[in-house]
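# Summary of structural features
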Amino acid sequence: MEKKIIVRLQEEKEPLGDLFGIFFEDLNHAADGGLYAEMVRNRSFEFSPVDNKEYHPLYAWEKVERGGGRAVLSIDTADPLSVKNPHYLVMEVLDPGKGAGVRNLGYNSGFAVKEGEAYLFTCYTKNLSGKPEGLQVTLEGQDGRIYAGLTFQSDGGTWEKQEGRFVCRETDASARLVLTLPQKGKLALDFVSLFPEDTFMGRRNGMRKDIALKLKEMKPKFMRFPGGCLVHDGSLNPDDRDSMYRWKNTIGPIEERPARRNSWGYHQTLGLGFFEYFQFCEDIGAKPLPVLPGGYDPHHQRITPLDGMQPWIQDALDLIEFANGAPETAWGAVRAQMGHEAPFGLEYIAIGNEEVGDAFFERYPLFHKAIREKYPQIKIIGTAGPFAAGSEYEKGWRCAKEWGSDLVDEHYYHTSEWFLANHHRYDSFSENDPKVFLGEYASWGNTWYNALVEASFMLGLERNAKAVGLACYAPMLANVDYVNWKPDMIWFNNRALFGSPNYYVQKLFMNHQGSTRLEVKTQGLGAPAVKVQPEGGEIRLQGYEAEVIYRNVMLENNRTGERKELGDYHLKKGEASVRVADTQWEDYTISCTAVELDGFQGFQIFFGWQDEENHYCWTVGGWQNYDLLLSRKINGRCSDLTQSLIRIDRGREYALKLQVSGKVLQAWVDGSLYARIEDRPVVTESLYYGASRDAADQAVILKVANLQEESVDTMVTLEGMEGRSLRGTVYTMQSAPEAENDFEQPERIAPQESLFYGEGSTFAYEFPKMSLTVFRLKEE
């Protein structure tokens, strides 16, 4: 049968709204050492073991002693520049020699400077010697060659701000910032800073231009910020170094923003704070979507008493006023004083980030009611946890429906196979329920195949715009030398960057989202029939970071009643999994009792085991001994299929039962059903497609993803444009499945543009194998 794609131009469906956006979280040094253009690392001498056990106040600083020079470096807190950042450097030069002082190592290989470009230096000094002190500041190569220099004088015994402008004479990716005294003396230093003058939009305290432009070019509809787990992981006290992310700590003069532990294991200056986030969103044309903590830390079970929730709720209300209030309001005045008199036009606010547990869902309604009462126009976003199914996911949706949340934030990271199997995930979601906000998602990789699979899934999101309101890939940024998480959309070091294939797919979908979805009909493009294979293989047992005993292990065929007694097993902590059976049965039950003797993550029963890289796993205990998970690993990549909360107590015996019926998995603990999930079979459809119209220029947009290993010849009809001439552009991405971009070939996989000319509403097109094609067409 001839294959056809028919776009019905007269059959407009749902508006696509703000469907595709971006998500910024400060992990992988995405802010400090990344988008935030500050080049000095540990500028305020506030690095601490609280941030990272290797940190100390002089981290990233080195003593300079040249040609007989002698210096003593110490850290003091008496009479600080800022009580919120009390540490500062005391630099005492005993003999200036040919150079005595200190140098900063910067990020990555050092300070990436360019010939002819200007850099803005600032610091605060306090004279401690009682006589005028000179300060020499230079940009140098590691061989000591000076690229640029400034000289300052500190006269009084109070803090003075020093400012100057460098113009660099050479290009070097490994330069150092050096501060020396040309004479004997004693000087206090704090907030030593160097920014490129040419930041994004030329802003002081601004963004790194190349990264910011890369994001602006995507044309995102919104930006979610600042996280992520760093939002809710921390102390309940906003004055603590390891507090949750409290937005009020991130505004005002940068010297008064308290240093903060980043939950990803490093230091946050908060120089990139909520004002800068709002301003950046405005600069790139994205709607701001801030995320606030809900008074509950699920990582450490820190819980604000219900009668103590008012400050958290007030924070949310004050943030809305900060963003939208007139300059005459209390928080609108703060925004205006920071240089932005006009409101930022906030439309969305999210409470919580992938929280699990009753404590959050007891507190969310307090936020919801207060925000809805005072700001009924604001769209409120709840959370459904960090998994695609299970008890906490369902709890999040129940809460959202009960209270009338506008959107529900779903997060999941899965294998490419899961995304293909779940392409139709949202087809059955109701348009009358809160809309889905897919706030974090990615397949496990930055190959072209990963990106292409994600494109096919995004077409499913677009097709279900009645139920899906917003979606953003995660994570967005990664400094190659400070990686916490993979994959990532954009990779960078101190001097260059490249977009992954995933980036270019996201960019195509944002650049060519369109305003309104158009109905698409097809012929000859049906999905292939799928034969469900039994999940046969070995059955194995293990303690998950624990010493455990399994007793009375039994395997039963649910169809024939055949039973196999497999015995008892005592497994030490750290011991490899033990094979207890091998079965090809299609419908079977594994049962046993189990007790954790030592350790903290409970039990693991593997089934359908082919090898270390390919198997299913039932985890009872898991993260902090609170998770019950059914997961699947394919080629070393894992999908957590469903999650529920459970608490495993050491020394207590549990009755475990797992039933595998084809693709349906069910798990019981002590007779209670904790999990039921169907692991949908992987299906690669003939083509994935979607169409829309852009109200800005009336262009018709057609996106088609071909995941087949061969090209697909198709007739395309734009029904309603009969007898007219078509003109436009075709964007094509195609590569080998395993191909990736890198610094040497940053656009190895990127869209290729070609002009399109056609007469009439129908044309033949061959969609290349393993390709994404985007048509943007208009009537001539």
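Before any of the text, the structure's been laid out above.
Report follows, based on the coordinates. Quick caveat, the model's predicted, so the values are computed rather than measured.

### A few points about the overall build of the protein
In terms of helices and strands, the protein carries nine helices and 47 strands. Its C-alpha atoms give the protein a radius of gyration of 29 Å, within 12% of the compact-globule value 28 Å for 780 residues. Of the contacts made within the protein by residues no fewer than 6 positions apart, 74% connect residues no fewer than 24 positions apart. A total accessible area of about 29,300 Å² is found for the protein, and carbon and sulfur atoms account for 46% of it.

### With respect to unusual backbone geometry
Trans is the common state for peptide bonds, and a negative phi is the common state for residues other than glycine. Put simply, Gly 227 and Gly 228 share a cis peptide bond, and its omega is 15°. Considering the arrangement of structural elements, one finds Gly 228 in the loop between strand E14 (222-225) and strand E15 (260-262). The residue after Lys 486, namely Pro 487, is reached through a cis peptide bond having omega 0°. Mapped onto the fold, Pro 487 is located in the loop between strand E25 (477-479) and strand E26 (490-492). In this model, Phe 191 sits at a positive phi of 45°, which is unusual for a non-glycine residue. Secondary-structure assignment places Phe 191 in strand E13 (residues 185-196). Residue classification places Phe 191 among the buried positions, given a relative accessible area of 5%.

### Remarks on the pairing of E13
When you tally the buried positions in E13, you get eleven out of twelve residues, the bulk of the element. Judged from the five bridges that link them, strand E5 (residues 88-95) and E13 form a sheet pairing that is antiparallel. Looking across to E13, one finds that Met 91 is bridged to Leu 187. Two elements, strand E8 (residues 118-127) and E13, share eight bridges in a ladder whose sense is antiparallel. Residue pairing for E13: Thr 125 is matched across the bridge by Leu 189.

### So, the pattern of salt bridges
In this structure the tally under the stated criterion is 55 salt bridges. A salt bridge links Arg 776 to Asp 694; the nearest nitrogen and oxygen atoms lie 2.7 Å apart. Taken together, the residues span a long stretch of sequence, with Arg 776 in strand E47 (residues 771-779) and Asp 694 in strand E41 (residues 688-694) at a distance of 82 residues. Taking the relative accessible area as the measure of exposure, Arg 776 reaches 16% and is therefore buried.

### Focus on helix H6 (residues 391-403)
With 13 residues, H6 ought to run about 18 Å at 1.5 Å a step, and its terminal C-alpha atoms sit 18 Å apart, in line with that. By the burial criterion, the buried members of H6 are Glu 392, Tyr 393, Lys 395, Gly 396, Trp 397, Cys 399 and Ala 400. Buried residues belonging to H6 abut helix H5 (358-374), strand E21 (379-383), strand E22 (407-414), strand E23 (435-443) and strand E37 (637-645). Looking one or two places after H6, you find Gly 404, whose phi comes out positive at around 75°.

### Quick word on the packing of helix H8 (residues 448-463) against helix H9 (residues 501-511)
Taken N-terminus to C-terminus, the directions of H8 and H9 make an angle of 25°; their axes are 8 Å apart at the nearest point. For the element pair H8 / H9, the angle class is roughly parallel. In terms of crossing hand, the pair formed by H8 and H9 is right-handed. Contacts between H8 and H9 pair Trp 448, Asn 450, Ala 451, Glu 454, Ala 455, Met 458, Leu 459 and Glu 462 from the former with Pro 501, Asn 502, Val 505, Gln 506 and Phe 509 from the latter. The residue inventory of the contact of H8 with H9, partitioned by class, reads eight nonpolar, three polar and two charged.

### Quick notes on the environment of Gly 234
Inspection of the secondary structure assignment puts Gly 234 in the loop between E14 and E15. Residue Gly 234 is classed as buried on the basis of its relative accessible area, which comes to 0%. Along the backbone, Gly 234 and Asp 297 are 63 residues apart, and their C-alpha atoms lie at a distance of 6.5 Å. With sequence-adjacent residues up to four places away left out, Gly 234 is seen in contact with Asp 242, Ser 243, Met 244, Arg 261, Asp 297 and Arg 302.

### Focus: the nonpolar core
Counting 165 residues, the largest nonpolar core has Phe 24, Tyr 550, Phe 607 and Trp 618 as the members making the most contacts within it. Not counting residues up to four positions away in its chain, the partners in contact with Phe 24 are Ala 30, Ala 31, Leu 35, Met 223, Arg 224, Phe 225, Pro 226, Gly 227, Leu 272, Tyr 277, Met 476 and Leu 477.

About the thresholds
Residues numbered from 1 in each chain as written. Predicted model: local features only at pLDDT ≥ 70, side-chain atom pairs only at ≥ 80, totals over all residues. Heavy atoms only, no water. Helix = DSSP H or I, 4+ residues; strand = E, 2+ residues; numbered from the N terminus. Rg over C-alpha atoms; globule rule 2.2 N^0.38 Å. Contact = heavy atoms within 4.5 Å. Areas by Shrake-Rupley, 256 points an atom, 1.4 Å probe, with all protein chains shown as cover. Buried < 20%, exposed > 50% of the residue type's maximum accessible area, 1.4 Å probe, protein only. Pairing = 2+ DSSP bridges. Salt bridge = Lys/Arg side-chain N within 4 Å of Asp/Glu carboxyl O. Expected span 1.5 Å × (residues − 1). Axes fitted to C-alpha atoms, helices over the stretch in contact; angles between N-to-C directions. Parallel < 35°, antiparallel > 145°, perpendicular 65-115°, else oblique. Left-handed = near helix turned anticlockwise from the far one by under 90°. Nonpolar A, V, L, I, M, F, W, Y, C, P; charged D, E, K, R; others polar. Core = buried A, V, L, I, M, F, W, Y, C linked by side-chain atoms within 4.5 Å.

On their own, these measurements won't tell you what the molecule is for.
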